[in-house]
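Structural overview
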Number of protein chains: 2
Amino acid sequence: MAMKPYLKRGHAVIERVSLELDGGRHRPKAVVGEAVPVSADIFRDGPDMLLALVRYQAPSESRWREAPMTFVDNDRWTGDFVPAEIGRYKVTITAFTNHFGTWRRDLSRRVEARQQVDLELEEGAALLERHLKVVRGDERRMLKEAISALRAVPDGPKDGFEDPRIAAALDSRIASIVARHHVRENATTYKPVIEVTVDRERGRVGAWYEFFPRSTGENDRHGTFETAAQLLPVIADMGFDVIYLPPIHPIGTTARKGRNNALVAAPGDVGVPWAIGGPEGGHTALHPQLGTSVEFDDFVVRAQGLGLEIALDFAIQCSPDHPWVKQHPEWFHHRPDGTIKYAENPPKKYQDVYPVNFDTDNREELWRELKAVIDFWISHGVKIFRVDNPHTKPFAFWEWLIESVQKKHPDVIFLAEAFTRPKVMSELAKLGFTQSYTYFTWRNTKWELVEYLNELAHSDMALYFRPNFFTNTQDILHDYLQTGGPPAFKVRLCLAALLSPTYGIYSGFEFFENVAREPGSEEYLHSEKYELRPRAWGSTDSLAPYITRINQIRRKNPSLSTLTNLRWHGTDRDQVLAFSKASPGAEPILVVVNLNPFHWEECTVSLDLGALGLDEARPFEVHDLLTDTSYSWSGPHNYVRLDPSVEPAHVFAVRR
Amino acid sequence: MAMKPYLKRGHAVIERVSLELDGGRHRPKAVVGEAVPVSADIFRDGPDMLLALVRYQAPSESRWREAPMTFVDNDRWTGDFVPAEIGRYKVTITAFTNHFGTWRRDLSRRVEARQQVDLELEEGAALLERHLKVVRGDERRMLKEAISALRAVPDGPKDGFEDPRIAAALDSRIASIVARHHVRENATTYKPVIEVTVDRERGRVGAWYEFFPRSTGENDRHGTFETAAQLLPVIADMGFDVIYLPPIHPIGTTARKGRNNALVAAPGDVGVPWAIGGPEGGHTALHPQLGTSVEFDDFVVRAQGLGLEIALDFAIQCSPDHPWVKQHPEWFHHRPDGTIKYAENPPKKYQDVYPVNFDTDNREELWRELKAVIDFWISHGVKIFRVDNPHTKPFAFWEWLIESVQKKHPDVIFLAEAFTRPKVMSELAKLGFTQSYTYFTWRNTKWELVEYLNELAHSDMALYFRPNFFTNTQDILHDYLQTGGPPAFKVRLCLAALLSPTYGIYSGFEFFENVAREPGSEEYLHSEKYELRPRAWGSTDSLAPYITRINQIRRKNPSLSTLTNLRWHGTDRDQVLAFSKASPGAEPILVVVNLNPFHWEECTVSLDLGALGLDEARPFEVHDLLTDTSYSWSGPHNYVRLDPSVEPAHVFAVRR
């Protein structure tokens, strides 16, 4: 058996690296400017001590930078690095024997046991000599002095630590010079190198607002990019960062659905924006009633001027009138009778939409055309794509598409709109989706929220799955909102915006729209999917001021930009949820929410004081950022009463 | 970006394969003849169904065998395979779309919704036609008939499931023919292939007995292989499988330790067997007072004749008189004064032993010489090695040594005697040690036992770490045995032998030897490490009958040969531990132990009836295999009283 690779291997072992996902087959995610923690089991055979370093390489650099790791417990070490640019970082760990540290530790033990150490002192001097070749200047001079001191002939018997040779040997300044300028012999470097996707900040943090531009017209007229642009300042004033537009392309007329999903459209019915494509074009065309390409570009620029980014919908499906149907019939499924197969989820049928057959022999051309769609909109200033039902298209396609696009445009963000099984949703995130829709709308009780958030924030999902908590969507009006009245809207907004660094609302939420198509349905009555829904944007019966306040709190408090810092606090009522987020150098935020929209609740909140950086013995102030009211609290147990008809939640800044 | 690999990839994803250890960098363990479970997350994009198979390749075969996997829940699948030979197996998983199953599921849904399905039936016929190329004989005939039935012109309108075409389509016999003879298109196969070390049964199951041959002489004479051989029938009668002998090599005289670890030996002191080597030779020589090579070979053969295997100690260290010290001074550490460094664990010193310097430049020759030692004893019929302190030698050396040895002799077993930090002990097991010493001696309370056994049996350690529970060793006499009297010895024997498939005792245990060198010490007074300890082997004041009974129970009940089947049962006393083991086709064994050696305990045992295959409603019999007494129990809650002065444990066969 080949002996060489074994003979040459270092003593150190590095295992269970926290950043490694599926044995290195997938990349974890990070954002620019924020420390990326790296932990690992690091140990060696025998009693010798180790040194360990995180090594990382920026996408634009060829050199590797290093950051020291520290020992935690039970052979676990930790360190971190701060990525300075977006793109794909390489990360590994290196570990090697700390000969001087080992010698110094053993010398202490020998001296404590009053053993003779003359030979050990010469061994230490020889060790220090090896460091002379890597140390310069003052530090080199100090090292030389230490070597001389170790070798000095003692002027008489001195006891243990009083021996000047031993004092020189144990001098902590010498230890730190040697640790800084270590001689790296026989180092072990973790393989394979781990790749990390570093996104811009918006990849992880942002407030999203969804609206249909076609609903912004006045007097029942079809909206345009111009009328939609008039809404932008309102949205910006509420504190949103991203505007998500459902498809803005031509809509098919063949098998068009009518209002409330009627099988046959009435004259004048506007159709479903996701039935993409008509004689005017497909995925790179604009709905003629919305406006021209120039008007769209103007809309994007006006949004940018207000600090808003536009996210477009990317729905890979076609109306029967889409140009691809004629140009590329081989991209679709054909029935034995020669017809093209429309979308189905047996027994449900979607006659106005043809799914694309990704198993087509001509898939290379299909994939290229789809990438061309993304590239087209990037060239029009769009950098965020909300992808419709990605789980019904091949995983391999998404991995290729996102990698190909981000190779040239690492700032492009993809949001996966997949509501499906947990592992399928996770896989899309692993394959490259920047953010993901979640089960949040269906998590309404304390137990459900705690369990789900623990999975997102405290399992390995935190490495790769970034939640985007939408309170509602054009498809999902949860029973909690249907029945809970305005307090329910406040509760869900607080939870979405304060639990998750990225969250969103679909327009109408601020006006408490809550009427379902029928009992038991999560569909809106008069769903905007099938008709125009003009809104009284200037109405004062609106949650807008509350939303504005919440978004201000989010922007001012950096601890709300992180998910993994989420900590729960005890309450003695199942209806009351308490959680906090704390970040170094910022005031911790403590949120207490009454999940019962119908009735006041009072309870004792039992704080995890350590999570808030608080001292058991000293009183502290909690300042409600929603109402500008302060309370003086003390110790872990404090009384809270929340009346949903007044305020269902406290959002406290904790002041030590 | 290269598109090809993405375009060619299958739809299925396979992740989190249960057998994969550290991303494939280490091998899990199995034994011949026992099913190896393989689970994984398996799913695909879109709504189509999958089929999945475990694929495995025996070391002597070039073809891959396959076993079907079944869906469990939440995209988790499971299957298994039974290795038929020892050596290194290759294992992977393959998954692919189940087109016919998907079509059949959707057809049912359509028919239930009373939809028109003429086109679907033609699609199904076309799917079945694709299977004709892989099906022969009667099955092919049945398939052809089904295709005709699907395409038959109906003789009148029939409703849904009564339509003979639909009955033919949903015929379960057709579904199973198609599943057996699947057409495997665009399959995903898990990479990298997982390697599994398959050992002989003794790798996992066995009862060990340790004794010093030198203590078997009569009238204070030094024992020999001949006197030791006279003890073999006694040990075989007690039901042991393996005899472990401490080093049997010449012992150094330089710096020899005296009785009770005295720094200076008195004349006639026999020295420590681990101070290996003298003028007579080193690791391949025999202690001249024990006997000749021929006598050793005879001892091995006589053991084999009694169904006993000999395990030798492999301690890589030398007395100052070992031939290697002169032949290879470069294999040792040298001090600045030119002396060779003896073993130390500062401030402790072991002057009679030189450790080997594995960092020597001449390490290749060193490694080869050490392997030659193992090969030498293999040539003398030894197939089990208990390795002394492997954690103080390089991990890389062990990985190389064990792989090299097992490549030629896959039946050789290595037991790691490492009592050190958990991750270091785990690493040795991952690198190839067949079995490992454990923390068992220091786990005496219920909480400690449950926590530790859960780690061994129910964490990923179960994949690679096989415990060998020694009740005592020449180095470890736990306080529990020092103070608990004979009941303590029974308790610890029950726990070791019934919790762990492999366990052992060090001789003297059966005679309740319990005197420590001094209070607070775990060393034996008059430790056999430093002097002869002749024993009254025929004494009737012995645990031998109890040990014999326990070993009989172990051999008769296959459920005790497995660790992962361990289940806990509730008791309302902290002093009483209850656990069971059940295996398919065997009577479950239920053990209830009073851990308090000083006092009787009574309690209610609350059984997990499901774990015992019992029915809540039906009474059952528990038959104590130690006392041949039966009790009739019913339901989960049953009364138990255990008096340690009579019997501290019940070992029940559970009879349904």
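Starting from 1, residues in each chain are numbered consecutively following that chain's sequence as written. To label them, take the chains in the order written and letter them from A, then take the ligands in the order written and number them from 1. Predicted model: local features are reported for residues with pLDDT of at least 70 only, side-chain atom pairs are reported and counted for 80 or more only, and whole-chain, interface and lining totals are derived from all residues. Hydrogens and water molecules were not included; the side-chain quantities draw on all heavy atoms of the structure.

**A closer look at the nonpolar core**
Taken as a class, soluble globular proteins show a tendency for nonpolar side chains to be buried jointly. Note the following rule: Joining through side-chain atoms within 4.5 Å is the link that ties buried Ala, Val, Leu, Ile, Met, Phe, Trp, Tyr and Cys residues into a set, and such a set is a nonpolar core. Partly exposed residues are those whose accessible area sits between 20% and 50% of the maximum for their type, while under 20% is buried and over 50% is exposed, using a 1.4 Å probe and protein chains only. Put simply, DSSP H or I for four residues or longer makes a helix, DSSP E for two residues or longer makes a strand, and each gets a number counted from the N terminus. Contacts between residues were defined by any pair of non-hydrogen atoms, one from each residue, lying within 4.5 Å.
Ranked by internal contacts, the top residues of the largest apolar core, which has 163 residues, are Ile42(B), Phe240(B), Trp367(B), Phe414(B), Leu495(B), Tyr503(B) and Phe579(B). The dominant element in this core, judged by the number of residues it contributes, is helix α14 (residues 479–499) of chain B, at 12 residues. The contacts of Trp367(B), once residues within four sequence positions are left out, are Met3(A), Tyr6(A), Leu7(A), Phe358(B), Ala396(B), Phe397(B) and Trp400(B).

**Observations regarding the interface of chain B and chain A**
Reports of interface size often rely on the accessible area that becomes lost once the parts have come together. Our working rule: By convention, the term buried area covers the 1.4 Å-probe accessible surface removed from two parts as they join, with the contributions of both added. When a carboxyl oxygen of Asp or Glu lies within 4 Å of a side-chain nitrogen of Lys or Arg, that pair is called a salt bridge. Polar contacts here mean pairs of N or O atoms no more than 3.5 Å apart (in protein, one a potential hydrogen donor and the other a potential acceptor; neighbouring residues in sequence count only if both atoms are side-chain atoms). Throughout, the ten residues Ala, Val, Leu, Ile, Met, Phe, Trp, Tyr, Cys and Pro are labelled nonpolar, Asp, Glu, Lys and Arg are labelled charged, and all others, Gly among them, are labelled polar.
Contacts between the two partners involve 65 residues from chain B and, on the opposite side, 65 residues from chain A. Surface buried jointly by chain B and chain A totals about 6,000 Å² across both partners, of which 52% is contributed by carbon and sulfur atoms. Counting across the interface, chain B meets chain A through 16 salt bridges. With a closest N to O distance of 3.1 Å, Glu120(B) and Arg335(A) form a salt bridge. Along the contact surface separating chain B from chain A lie 33 residue pairs in polar contact (both at pLDDT 80 or more). No other element matches helix α11 (residues 395–408) of chain B, which puts 7 residues into the side of chain B that touches chain A. For the side of chain B that touches chain A, the per-class residue count stands at 21 nonpolar, 9 polar and 35 charged.

**Things to note about the relation of the copies chain B and chain A**
Heads up, the rule is: The fit set for superposing copies consists of C-alpha atoms from residues with pLDDT of at least 70 in both; the fit itself is least squares.
The operation relating chain B to chain A is a screw motion whose rotation component is 180°, with 0.0 Å of axial translation and a residual RMSD of 0.0 Å. Expressed as an axis order, the relation between the two copies is that of a two-fold axis. Every residue of chain B has its C-alpha some distance from the rotation axis, and the shortest such distance is that of Gly23(B), at 2.0 Å. The residues that chain B uses at the interface reappear at the interface of chain A in 100% of cases, marking a shared surface.

**Notes on the packing of aromatic side chains**
Defined as follows: A pair of aromatic rings is counted whenever rings of Phe, Tyr or Trp (Trp by its six-membered ring) have centres within 6.5 Å, and the orientation is called stacked for planes under 30 degrees apart, edge-to-face for over 60 and tilted otherwise.
In the structure shown here, the tally under the stated rule is 78 aromatic pairs over all chains. Ring plane angle 10° and centroid distance 4.3 Å describe the contact between Phe440(A) and Phe469(A), whose orientation is recorded as stacked. With Phe440(A) in the loop between β20 (435–436) and α13 (446–458) and Phe469(A) in strand β21 (residues 468–470), this pair connects stretches of sequence that are 29 residues apart. Here Phe440(A) and Phe469(A) have matching classes, each one buried. Ring geometry for Phe414(B) and Phe433(B): centres 6.4 Å apart, planes at 85°, overall edge-to-face. In this pair, Phe414(B) sits in strand β19 (residues 413–417) while Phe433(B) sits in the loop between α12 (422–431) and β20 (435–436), placing the two residues 19 residues apart along the sequence. Grouping residues by exposure puts Phe414(B) and Phe433(B) together as buried.

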